[in-house]
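# Secondary and tertiary structure notes
Here is what each chain is made of, one letter per residue.
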Amino acid sequence: MKIVVGGQIEKEVLATALRTAFDARNTAVEVVVLNDIEAAMAIQSGAADYYFGACNTGGGGALAMAIAILGAGRCATLGMPGKILSDSEIAQQVAAGKVAFGFTAQDIDSIVPVVVKLLAEK
């Protein structure tokens, strides 16, 4: 599985959290940090499987280019200031085929393990 990290802030922190969570599940993953356009294009071209991004609002800078390139139907905001989707709501987004996930940087430690669990089980 190949994951690209875009978004506006904490890209390296997010990439490290993803690698750590996948390693804990003994799931092979390649995590690459790119700029937003390159990351979204990697999903569009099939060069990567999932996009993760963080910003201060959870959807703006985290997903703006992914939404523009992939379309809103393939993207999901999993957390925003004061609101994180429940585990079952996140599972619904993954089951619905979403491939780009955005959330606030302060929610990395809460959201990443949930999404990684779901992706590792696919």
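Relevant structure appears above.
Residues numbered from 1 in each chain as written. Predicted model: local features only at pLDDT ≥ 70, side-chain atom pairs only at ≥ 80, totals over all residues. Heavy atoms only, no water.

### Concerning the pattern of salt bridges
When charged atoms on two side chains of opposite charge get close, those side chains can pair. Within the structure shown, the criterion is met by two salt bridges. Of the charged contacts, one joins glutamate 121 and lysine 117 as a salt bridge, the two residues approaching to 3.1 Å between their closest N and O atoms. Residue glutamate 121 and its partner lysine 117 are located together in helix α5 (residues 108-121), separated by four residues, close to a single helical turn. (Salt bridge = Lys/Arg side-chain N within 4 Å of Asp/Glu carboxyl O. Helix = DSSP H or I, 4+ residues; strand = E, 2+ residues; numbered from the N terminus.)

### As for helix α1 (residues 11-24)
The terminal C-alpha atoms of α1 lie 20 Å apart, and with 14 residues this matches the ideal 20 Å at 1.5 Å per residue to within 8%. Three or more residues of α1 are buried, namely Leu14, Ala15, Ala17, Leu18, Ala21 and Phe22. Across the axial projection of α1, the buried residues extend over an arc of 160°, all falling on one side. Turned more than 90 degrees from where α1 packs its buried face, Glu12, Asp23 and Ala24 sit exposed. Positive phi appears at asparagine 26, one or two residues downstream of α1, with a value of about 55°. (Expected span 1.5 Å × (residues − 1). Buried < 20%, exposed > 50% of the residue type's maximum accessible area, 1.4 Å probe, protein only. Arc of directions from axis to C-beta.)

### A short note on the side chain of threonine 27
Residue placement: threonine 27 occurs in the loop between α1 and β2 (30-33). Threonine 27 sits in the buried class, given a relative accessible area of 18%. Among residues more than four places away in sequence, those in contact with threonine 27 are Phe22 and Ala120. (Contact = heavy atoms within 4.5 Å.)

### Looking at the environment of aspartate 107
Position of aspartate 107 relative to the elements: it lies in the loop between β7 (100-104) and α5. Linking aspartate 107 and alanine 54, residues 53 residues apart in sequence, is a C-alpha distance of 8.8 Å. There is a polar contact of 2.6 Å between the side chain of aspartate 107 and the side chain of threonine 104. (Polar contact = N/O pair within 3.5 Å; in protein donor to acceptor, adjacent residues only side chain to side chain.)

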